[in-house]
Each structure stands twice: as structure tokens, then as C-alpha cells.
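Results of the structural survey
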Amino acid sequence: MLIWVLLYLLLVFSFIFILVIPVVKAYKGVNSDYVDVKARHMAVKNEHDTVFERLKSLQAKYRKVIAAFENRWDEKRFMEQARKYFLQVRLMPVESNVSDPNYKIYEINALTKMESPQNFYRFLESFPSIPFVLQADFPIAFKAHGSDEIEGIFRIRVYEEKKGVESNRSRESVLNR
Amino acid sequence: MGKLSRYFWPKTVLLFYIDDNNIEAAFGFIGKEGVDIQERRTIAQSEKSSLAAWYKEIVHTYPKTYTAAMLDTVNQGALPGCDRSVFMRFGVEAALVQSFCVDGIWEVYASLVEIKWFEQEFKGIVLDLAYSPFVLLYARSRPYLEETPTLFIFHQEGIAFVIVLSKERMWYAQILIIPKESVNEEEEPHEDISLDEEIEGLSFDLEEISAENEVEPISDTDVLSDFKEEIEQKPKAEVNESALELLEYNLNLFESLKESVASFYHDDRYPHEFIEKVVIFDAASLEQDIVRYIEDELFMEVSLHRFDPIEALAMIAAQEIKG
Amino acid sequence: MRYSFIKPKRKPSIDSESRILAIFLAVTLLLVLGFWAFMLTKKSSISKETLHLRQQTRQLKQKSQSYRAQIERIEHLAKKYETIATHNTLLKESIRNLFDLVPDQITLTKAVLDKGGLVLYGVTPSKDVYNYLLLAPLKSVFQRNVTTFYPLKNGWWRFVSVNEGSIESGSEVEE
């Protein structure tokens, strides 16, 4: 009788030692790993969410700006806008001595005929609504032709974002580095 | 491998039978090869309770213990054939007995009341199997069966069970009570129990024979009608007195046998056929004397064998338990 | 074949003690094994989850990095645009101021503006008008001023005003 009890105890204890204790140890280890990994994940996720929000808001805020930089320079489109302000507009490309690693720059001389300098001012003020990044610059020359016409020549510099340097588009896409 | 299984709740059996004044008992394991007997005990009838005590001990260790006993009641017997008419033909009240057909050849029966009484006698023991002595004799005789009928005798001290068997049928059966002194008168020296059931005056129990009477030498010429004595279990009798008793007894046995054979031949209820062989299975201490008597006077071929009822019990009990 | 008068009774296959013990043992073992199996599955599920989280963390970090890069770009663009717009405005204002300087009496025929300075061609009724009304303010704007007068038949003067060394004009397009 006793021998059965002893055998039983032996069996149970051996099961416990051989099976249960290692598995509990393993479990504890795995669980603590999990807790760490989860915590890290939470942190990273929070950061991700924050950054994402910021990106979104920036993208919203600067939609026009981004578009302006991304648009490929199109003379015709520009001319459509420019003509509103001048009697005559003609563009002549110029050798560019300015270079920028991030942007492709077009140097253009604008040869215009306008009624008064107000046109020029209005024109400059209209830049935000033009889907290009334009900088008006020296040299600027105004010549009076008669009392109703002023010939204006000025430099326009067009900035275009270079593709391939920062090859992000404004849309949310994951970079595969 | 078999021994190993003894550690896992083995089947065990307690066998016992009643012999004279004692209960012979044996305990053994039931295995593939029958019963492996571990211990034998002889318990006096007066200390019956020690058998029950032994049983309790055994059961405590071996819950799967079966018990098998030889039924030693008076009102029991064997009838030739298994059809319902045998009971009527031989005057046995079918309603009062438990009976069944053995191997399709003969019907064994015993008084229901007495079976219950026997179980009560050994109240402390849960009795699983109870066998008629005829069944034990039959089992022991099976290897000797032939085409022609043979007379088989199961002899215990003071009692003989007689059965005539051949391979195909049973012819005749009788229980003989052997008196211890010679009786010349025809005053019912033995019971022909196959005739009547439940007749109080005639039936008696061997157990009720008073024990421990003084053994007195009895001459051949003495006539004693009511006085019954027990003869002590004789040792190899060198002493004249006990030799005389022995002779006495053998003669009585022979006489009873002779009468039994005669009644078989003359009774019309039994089919007529000559018996040529006699096989004696002795559980007491018969010697070749009886063989000579029968051979000389009845002209039959006689063989004498030792018989251990325990072994016979073991054999059939094991079969029944396993099956 | 039947040989006995009575039928054997059913015996218990295991004594009650052993039975209880066997049940106890079975239940205990079951519990232990069950617990072990449960732990095993939990462990493996947590492992999987951990792996998954690690992967996600990696991805999120990557995304964050990319977002940051995008933000940086946008900020650069915005800044650049702002700079350019400011420059344009300044340019416009300075030109407007310049022309506002010119009094009604004086008529300009040509104006040439440059990074370094300004050359005005025009007609003035008198030198004094020019000097007091145009040159004076020009002087305050430009460091060097050289005026050349050419008399005209009608008593008016044609002038060429060369002014250099501008202090305030944001004509350098610098970052």
C-alpha cells in the first residue's frame, strides 16, 4: 500500500519538476520580455502617432507651397497668369549663376509692357496664387514709353524641387530605404 | 511475467471441502495454468470461525478473491439424462432442488434449502461457487471415460460417491454411506438417496455423527444395529486392532458397493449394461485390499488412485472464474 | 460450461483504497498536466505576440522616420518659400518706396535697379527741385550719389542719378 503512495508522490513530483517548473520559468521569462516589448511598442506608437499628426497638419497647411515646389515649370501656365497684369509679356531664359543643391533654378528675364508701376506691384502680389515658386529680383529696369506705357524688364527666378534628392512626394508613402 | 501480475490485483481463490471432522482449505492464485496453490490449512469443524478469519485476511490483501467449496449436504445427487422426466422417474421433487445439466449428459441436483443452509454455515465467507461431489468426481473421471461404462468412485472416509459413466452418457449414480462396523442385517445400512427427498427419519448429516467415540475392537460376528462409531484416521496400521478395523471398513465398503451395483443391474429404471471397469479415486487411505475384493468377487478391472478434492476444486473453479 | 450450483459474485477490480488513490492520482496528474499544457500554450501565444509587437514596433519606427524626413522637407520648403516671399515683398516695397520718393515735378524716363544701386534717368524743372526733393531722400538711402545734369532747351534739366551702396534693399537672395 505504502509503495503505491510513494510511487504516486514520486510521479507527481517528477512531473512537477520536469515539466511544470521549467515551463513556468520559461513563461515568466517570455512574459517579462513581452511587457518590455509592449512598453516599447507603446512608446514608439505614441511617437509615431504624434509625428504623423504633425505631418498631416503640415501637409494641410502648406499644400499650396508644396504643390508650387513640385510643379514642373510651365511657361505657358505662367504666362496665362502674368498676362493679366501686363499689356505684354515675353520671357527669355538667362544663364543661371545661382545653383542650389536642393532646387532646380530657372533664371528668366521678363520683358513686359505695362500701364503703370501698379501693375508691377499687383503682379508681385499675385505670386502666392501662382502655382510656382517665383522670386522677382534685380536687375530691374523701367523705361517710359510715352505717357501710357512703361517697359519693365526684371529677373524672375523659378524654384523647382529637385527630384531624387528628397524624393518624397507630398502624399503619405513609406520610403523603402 | 505471471508472477509479476500478482502485484496488480490478481484473481485469487479460497477452496475448501469438509472431510470427516475437518475442513480442508487452500488458498491460491489463479493464473493461465490453473490455480497456483500457496497455502493449505486444516481447520477443525469446531473452529469454523478461523476459516472465516482467514478469508477476511485474504480479502483484505486480495479483493478479487473467489471462494469455492464442495457441497457436503445430504440431499443431493445425480440423475442420468437431462430431460425433465428424470426427476419424476427417480422421485426427486424438482421444485425443491437446484439442478442443472452437466455437459449435456447428466443432471446434478441439490436441495435448495440445504444450499442456503450451507452458505449460512459459513456466514463469514462470501461463497462464490458450490460444487456437488459428483461434479468433482466427474471432472476427475473425464480422462478415463470410454465407450463402455465404467464405475467411478469418489471415496472419503465413511462416504462414497458412485457414478457409472461412459463417453456419451451417465448411467447411474448413488451416494454410499459406509458404516464403521460390520452390519449383517438389512437394516438400512446405507441410504439410497436417489429415492426420496426430505424424509426426516432417513436423512442424516455426516457432521452429526458424534466424534471422538472410543474405538473398540469389533469382531466380525458382532451384530450392531444402531451403534455407530467413528474409526480414527488410521496410520499405516501395523497394530492388529487397527488392522482389524481397517478390514472391517473395507469389507463394509465392498458390501455397499456390491449392493449398489446389484441395484443398478436389477432396477428397471436404469438401462442394463455390464460394468467391466472400476476406477476408485480415494481421498482417504484405502489400500489394495479393496481392489482385490472387487476383482475377485465382481470380476471387474479395478484401479485405485489418490484423489485430492482441493485439486479437483481448483481445476473446475479456475475454469469457471476465468470463463 | 457450468458446474457450480451458485454463481460467483462480482468482485471489485480494485479495492476501494487503491481506487481512491488511483482517482486521486489521475486527477492530480490531470491537473498538473493540464496546467503544464496551459502554461505552454500561454507561453507560445505570448511569444508570438511579442514577435508580432517587435515587428510592428520596427515598422512604426520606420514610418516615424520617414514621416520625420517628410516633415523636414516640408519645413524646408515652407521656410524657403517664406524667404522668397519676404524677399519679393521687400523688393516690391522698396521699389514702391523708391518711386514714391519721386516728386510730381520730376518725371522719370528710366530707372535701372540693381543689387548694388539705382540709376535714375529723368527730367526735372530745376536743380533745386531735384536736389531737395529727390536727391536728399536718395542720399538717405544710398551711400554714394552722383548726379549729372544736362540742360534742356526749355530750362529744365535732364539728369542721370547714380546711386550706389544700398543699405536696406534685400536684393541679395541668401539663405
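Residues numbered from 1 in each chain as written. Chains lettered and ligands numbered in written order. Predicted model: local features only at pLDDT ≥ 70, side-chain atom pairs only at ≥ 80, totals over all residues.

Structural notes on the overall build of chain C
This is how the line gets drawn: We count a stretch as a helix when DSSP gives it H or I for four or more residues in a row; a strand needs E for two or more, and each element gets its number in order from the N terminus. As a rule, residues whose C-beta atom has 12 or fewer other C-beta atoms within 10 Å are exposed, those with 20 or more are buried, and those in between are partly exposed; C-beta atoms are placed from the backbone.
When its secondary structure is counted, chain C shows two helices and four strands. Listed N to C, the secondary structure of chain C is α-β-β-α-β-β in terms of helices and strands. In chain C, which comprises 175 residues, the share counted as buried stands at 20%.

Some remarks on the overall build of chain A
We apply this condition: Any pair of residues counts as being in contact when their C-beta atoms, constructed from backbone geometry, are within 7 Å of one another.
A count of helical and extended segments in chain A gives four helices and four strands. Element order for chain A, N to C, with α for helix and β for strand: α-α-α-β-β-α-β-β. Across the 177 residues that make up chain A, the buried fraction comes to 20%. Put simply, 64% of the contacts in chain A that link residues at least 6 apart link residues at least 24 apart.

A word on unusual backbone geometry
The linkage connecting F138 of chain A with the following residue, P139 of chain A, adopts the cis geometry, with an omega of 0°. Non-glycine residue D103 of chain B carries a positive phi angle of around 55°. Of note, D103 of chain B is situated in the loop between strand 6 (97-102) and strand 7 (106-111). Of note, F299 of chain B is a non-glycine position whose phi angle comes to about 55°, a positive value. Assessed through the 9 C-beta atoms surrounding it within 10 Å, F299 of chain B is described here as exposed.

A closer look at the pairing of strand 13 (residues 301-306) of chain B
Residue and element names in this part refer to chain B. Selection criterion: Only when DSSP finds a minimum of two bridges between them are two strands counted as paired. Consider the strands pointing away from the viewer: the crossover is right-handed when the path from the first strand over the helix to the second runs clockwise.
Taking burial as the measure, the six residues of strand 13 include zero buried ones, a minor fraction of the element. Judged from the six bridges that link them, strand 12 (residues 277-282) and strand 13 form a sheet pairing that is parallel. Across the sheet, V279 pairs through a bridge with S303, a residue of strand 13. Regarding topology, helix 6 (residues 288-298) serves as the crossover connection from strand 12 to the parallel strand 13, and that connection is right-handed.

Thoughts on helix 3 (residues 112-121) of chain B
Residue and element names in this part refer to chain B. Selection criterion: The arc in question is formed by the directions pointing from the helix axis toward the C-beta atoms.
The complete set of buried residues in helix 3 reads E114, I115 and F118. Buried residues of helix 3 fall within an arc of 105° about the axis and therefore sit on the same side. With respect to the buried face of helix 3, the exposed residues turned more than 90 degrees away are K116, W117 and Q120. Summarising the contacts, the buried residues of helix 3 are in contact with strand 6, strand 7 and strand 8 (129-131).

A word on the sheet that holds strand 4 (residues 65-70) of chain B
All names here are of chain B. We apply this condition: Where helices are involved, their axes are fitted lines through C-alpha atoms of the stretch in contact, as for all axes, and angles between N-to-C directions lie from 0 to 180°.
Spatial strand order, 3-2-1-4-8: five strands in an open sheet with mixed pairing. Each edge of the open sheet is held by one strand with a lone partner, namely strand 3 (34-44) and strand 8. On average, each strand axis in the sheet is tilted by 20° relative to the strand beside it, whichever way the strands run. Taken together, the ten bridges between strand 2 (residues 22-31) and strand 3 define a ladder with antiparallel strand orientation. Each bridged residue has a counterpart across the sheet, and for N22 the counterpart in strand 3 is A44.

Notes on the sheet that holds strand 13 of chain B
What holds strands together in a sheet is hydrogen bonding between their backbones, with the strands either parallel or antiparallel. Residue and element names in this part refer to chain B. Spatial ordering of the open sheet is given by 11-10-9-12-13, a layout of five strands whose pairing is mixed. On the outer flanks of this sheet lie strand 11 (170-177) and strand 13, each paired with one strand and no other. Going from strand to strand, the sheet's axes swing by 15° on average, the running direction of each strand aside. On the sheet, helix 4 (residues 133-141) packs against strand 9 (150-156), strand 10 (159-165), strand 11 and strand 12 and is oriented at approximately 55° with respect to strand 10. Packed on one face of the sheet, helix 5 (residues 240-266) meets strand 10 and strand 11 and runs near 145° to strand 11.

A closer look at the interface of chain C and chain A
Contact residues are listed per partner, giving 54 residues for chain C and 55 residues for chain A. Within the residue set of the side of chain C that touches chain A, elements represented by two or more residues are helix 1 (16-101) and strand 1 (107-113) of chain C. Examining the composition of the side of chain C that touches chain A, we find that 44 residues originate from one element, helix 1 of chain C, more than from any other. Alignment of strand 3 (residues 133-145) of chain A against strand 1 of chain C, held across four bridges, turns out to be antiparallel. Residue pairing for strand 1 of chain C: I140 of chain A is matched across the bridge by L113 of chain C.

So, the interface of chain B and chain C
We count it as follows: Three classes are used, and their members are as follows: Ala, Val, Leu, Ile, Met, Phe, Trp, Tyr, Cys and Pro are nonpolar, Asp, Glu, Lys and Arg are charged, and the others, Gly among them, are polar.
Across the boundary between the two partners, chain B contributes 22 residues, which contact 13 residues of chain C. Elements with a contribution of two residues or more to the side of chain B that touches chain C: strand 6, strand 8 and helix 7 (309-322) of chain B. Of the residues that constitute the side of chain B that touches chain C, the class distribution is 16 nonpolar, two polar and four charged.

Remarks on the nonpolar core
Rules: Put simply, a nonpolar core is buried Ala, Val, Leu, Ile, Met, Phe, Trp, Tyr and Cys residues tied into one set by C-beta atoms within 7 Å. Just so you know, the domain bounds were taken from an automatic or database domain assignment.
Judged by nonpolar contacts, the single largest core of 83 residues is most densely connected at L15, Y131, I153, I163, L313 and A317 of chain B. Residue assignment places this core across two domains, with domain 1 (2-70 + 311-322) and domain 2 (76-310) of chain B each supplying three or more.

A few points about the packing of helix 5 of chain B against helix 6 of chain B
A pair of packed helices can be characterised by two numbers: the angle between their axes and the separation between those axes. Residue and element names in this part refer to chain B. Stated precisely, the cut-off is as follows: Each angle is binned into one of four classes, with values under 35 degrees roughly parallel, values over 145 roughly antiparallel, values of 65 to 115 roughly perpendicular, and all other values oblique. Handedness of a crossing follows from how the near helix is turned relative to the far one, being left-handed for an anticlockwise turn of less than a right angle and right-handed for a clockwise one.
The interhelical angle for the contact between helix 5 and helix 6, taken along N-to-C directions, is 40°, at an axis separation of 10 Å. Relative to helix 6, the element helix 5 lies oblique. Helix 5 and helix 6 meet at a crossing whose hand is right-handed. Contacts from N250, L253, F254, K258 and V261 in helix 5 reach D289, I290, Y293, I294 and L298 in helix 6.

A short note on the packing of helix 4 of chain B against helix 7 of chain B
All names here are of chain B. It is the contact of helix 4 with helix 7, at a shortest axis distance of 10 Å, that shows an interaxial angle of 85°. It follows from the interaxial angle that helix 4 and helix 7 lie roughly perpendicular. On the side of helix 4, the interface is formed by V135, L136, A139 and R140, while helix 7 contributes P309, A312, L313, M315 and I316.

Observations concerning the confidence of the model for chain C
Heads up, the condition is: Confidence scores here are pLDDT values: one per residue, from the predictor, ranging 0 to 100.
Of all residues in chain C, 90% attain a pLDDT of 70 or more, and the chain-wide mean is 87. The ipTM assigned to the predicted complex is 0.79, against a pTM of 0.52.

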